[in-house]
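Secondary and tertiary structure notes
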Amino acid sequence: MNIIFLGPPGSGKGTQAKIVSERLGFPQISTGDMLRAAVREQTPMGLKAKSMMDAGQLVSDAVVIGIVRERLSRSDCQKGFILDGFPRTLPQAHALRSALSEMNRQIDAVISLEVDEESVVRRIAGRRTCRDCGKMYHVEYDPPAVVDLCDVCGGDLFLRDDDKEETVRRRLQVYSEQTAPLVDYYTKAGLVCTVDGMQDISEVSDQILKVLGGN
Ligand SMILES: [Zn+2]
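Now for a description of the structure that goes with this document.

Some words on the pattern of salt bridges
- Under the counting rule described, the total for this entry stands at 13 salt bridges.
- Note that D33 and R36 form a salt bridge whose closest N and O atoms lie 3.0 Å from each other. Of this pair, D33 and R36 are both found in helix α2 (residues 31–40), three residues apart, which corresponds to roughly one turn of the helix.
- The salt bridge involving K164 is made with D161; its shortest N-O contact spans 2.9 Å.
- K164 gets classed as partly exposed once you look at its relative accessible area, which sits at 31%.
- The class of D161 is exposed, set by a relative accessible area of 55%.
- When salt bridges that share partners are traced, they join E118, E165 and R169 into one network.

Brief notes about the environment of I107
- Mapping I107 onto the fold places it in the loop between α5 (90–102) and β4 (109–114).
- Through-space distance from the C-alpha of I107 to that of M136 is 36 Å; in sequence the pair is 29 residues apart.
- Among residues more than four places away in sequence, those in contact with I107 are N2, I4, F81, L96, L100 and L191.

A look at the packing of aromatic side chains
- Counted according to the given criterion, the structure contains one aromatic pair.
- Note on Y185 and Y186: the rings are 4.9 Å apart at their centroids and 70° apart in plane angle, and the pair reads as edge-to-face.
- Residue classification places Y186 among the buried positions, given a relative accessible area of 4%.
- In this structure, K135 packs its charged tip against the face of Y137, placed 5.0 Å from the ring centre.

Looking at the side chain of S11
- In this structure, S11 sits in the loop between β1 (2–6) and α1 (13–24).
- Look at S11 and you get buried, because its relative accessible area is 4%.
- In terms of polar contacts, S11 uses its side chain to reach the backbone amide nitrogen of K13, at 3.5 Å.
- Apart from the residues within four sequence positions on either side, S11 is in contact with L113, V115, R123 and G197.

So, how was this worked out
Residues numbered from 1 in each chain as written. Predicted model: local features only at pLDDT ≥ 70, side-chain atom pairs only at ≥ 80, totals over all residues. Heavy atoms only, no water. Salt bridge = Lys/Arg side-chain N within 4 Å of Asp/Glu carboxyl O. Helix = DSSP H or I, 4+ residues; strand = E, 2+ residues; numbered from the N terminus. Buried < 20%, exposed > 50% of the residue type's maximum accessible area, 1.4 Å probe, protein only. Contact = heavy atoms within 4.5 Å. Phe/Tyr/Trp six-rings, centres within 6.5 Å; stacked < 30°, edge-to-face > 60°. Lys NZ or Arg CZ within 6 Å of the ring centre and 35° of its normal. Polar contact = N/O pair within 3.5 Å; in protein donor to acceptor, adjacent residues only side chain to side chain.

Okay, structure coming up:
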């Protein structure tokens, strides 16, 4: 079974893709990991990607698609795969469809994790990180014993730039502009299963496995 996971930042998409990958025995393929592996293994597309990155450019869609194609043709993907973080845009979704159809394959299901934006902002913007040992806390859900001090090493806790409210809101905005049209695209193809991403981690994964089992 070939599955795509879609979900905004803070939806737990990566965590869920990993759980489902382990339960179903299909590899979880995330764009970042795939890109790093292709560069490390010096595949033809990996070499192209490396020369773009060395030149300070973004890796083009054509090269990303080439890397996806290389990855999906490996033996561990023959029974199925889980794409996490790709496609990200409509043009990438079109390119993926043609690449798969050349391999006589197709996407069987798209899991769309839905979240409440305000809750995501609260979840992420409440994170605090220890400057010295890196341990993470949350001001509401997992606070340190003493405000702004690490329980383990006594280091200062700080709010990472990535976790700032304005950054989180911007990332949610980018997601809804670029990636949300994919939900429409795959809905028209009859592939989308919507899952409430605000529940507990195990409830979300149970629900995903249930909808996939029903396919
Ligand atoms: Zn610490």
